[in-house]
Amino acid sequence: MTRPLVISDCDEVLLHMVAHFKDWLGETQGVDFNLVGNNFATAMRWRESGQAVEERDIWRLLGGFFDTEMHRQNPIEGAVEGINTLAENADVVILTNLNDERQQRRTEQLAAYGVHARVFTNQGPKGPALKAIVEEYAPSRAVFIDDLAQHHHSVSETVPGVRRLHLCGEPMLAPHIDCAHRAGHAHARIDNWAEALPWLQDQLHNPSQEEDA
């Protein structure tokens, strides 16, 4: 009999990212990061000129952070304990939007904090990648955890039977991002692991659970 399956994002779900990215930009790249609203792209400006950082440079800077600064990232409160508690009675995999060459680095990064899970890398919407994972594991039940509304939308269209939790553990981002639960693409929105863990356990192990929490 197959086990339940947890498919979790990493950045802002298990590990803080944007706060460390902001610090690194200011310390070494001459870029100020000031998030107003939910537009990540317009949050970055060159300190010297005040001009917005163009898209090609945003991707270059993000790549530079993940290539050299992942050691800065630290766990979201309760995330390591929470995901490892789930792993006691379910398979756990990580689906992270990083280029494939960073898969091993992400695996080692999580293992250093005590999260020993298979890591899948992805670019773009997560629905198709998640569908392939679910088909491989054929779980009894499955839940998806991510901090970005667009990925819940993608999964809701591609694998609608997967339960979906919108969780953003970064206080700098949580008030500003679109809410997948409000949009109807996630079954719940919970931004802390203390409350998320019992919800997730119920989704995985309560066969009568059918409707939104």
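As a starting point, this report considers the structure included with it. This is a predicted model, so every value here is computed, not measured.

Moving on: the packing of helix 3 (residues 79–87) against helix 8 (residues 193–205). Direction vectors running N to C along helix 3 and helix 8 enclose 10°, while the axes themselves pass 10 Å from each other. Taken together, helix 3 and helix 8 sit at an angle that is classed as roughly parallel. Between helix 3 and helix 8 the crossing geometry is right-handed. Between helix 3 and helix 8, the contacting residues are Ala 79, Gly 82, Ile 83, Thr 85 and Leu 86 on the first element and Trp 193, Leu 197, Leu 200, Gln 201 and Leu 204 on the second.

With that out of the way, let us pick up the packing of aromatic side chains. Counted under the stated rule, the structure contains five aromatic pairs. With 6.5 Å between their ring centres and 75° between their planes, Phe 21 and Phe 33 make a pair best called edge-to-face. A residue pair is termed long-range when its members are at least 10 positions apart, and Phe 21 in helix 1 (residues 18–29) and Phe 33 in strand 2 (residues 31–33) qualify at 12 residues. Since its relative accessible area comes to 0%, Phe 21 is described here as buried. Plain terms: the ring middles of Phe 65 and Phe 66 are 5.5 Å apart, the flat faces sit at 80° to each other, and that makes the pair edge-to-face. For the residue pair Phe 65 and Phe 66, the accessibility class agrees, reading buried in each case.

On to the side chain of Arg 106. Along the chain, the position of Arg 106 falls in helix 4 (residues 103–112). Within polar-contact distance, the side chain of Arg 106 engages the side chain of Gln 73 at 3.3 Å. With near-sequence residues (within four places) excluded, Arg 106 lies in contact with Cys 10, Asp 11, Phe 66, Met 70, Gln 73, Thr 96, Leu 98 and Val 119.

Now for the pairing of strand 1 (residues 5–8). Residue alternation in strand 1 divides its side chains into two sets, Leu 5 and Ile 7 and Val 6 and Ser 8, and both sets are buried. One ladder, built from four bridges, connects strand 1 with strand 4 (residues 91–96); its direction is parallel. If you follow Ser 8 over to strand 4, its bridge partner there is Ile 94. Pairing between strand 1 and strand 6 (residues 142–146): four bridges, direction parallel. From the neighbouring strand, Ser 8 faces strand 6, where its bridge partner is Ile 145.

Thresholds, definitions, all that
Residues numbered from 1 in each chain as written. Predicted model: local features only at pLDDT ≥ 70, side-chain atom pairs only at ≥ 80, totals over all residues. Heavy atoms only, no water. Axes fitted to C-alpha atoms, helices over the stretch in contact; angles between N-to-C directions. Helix = DSSP H or I, 4+ residues; strand = E, 2+ residues; numbered from the N terminus. Parallel < 35°, antiparallel > 145°, perpendicular 65-115°, else oblique. Left-handed = near helix turned anticlockwise from the far one by under 90°. Contact = heavy atoms within 4.5 Å. Phe/Tyr/Trp six-rings, centres within 6.5 Å; stacked < 30°, edge-to-face > 60°. Buried < 20%, exposed > 50% of the residue type's maximum accessible area, 1.4 Å probe, protein only. Polar contact = N/O pair within 3.5 Å; in protein donor to acceptor, adjacent residues only side chain to side chain. Pairing = 2+ DSSP bridges.

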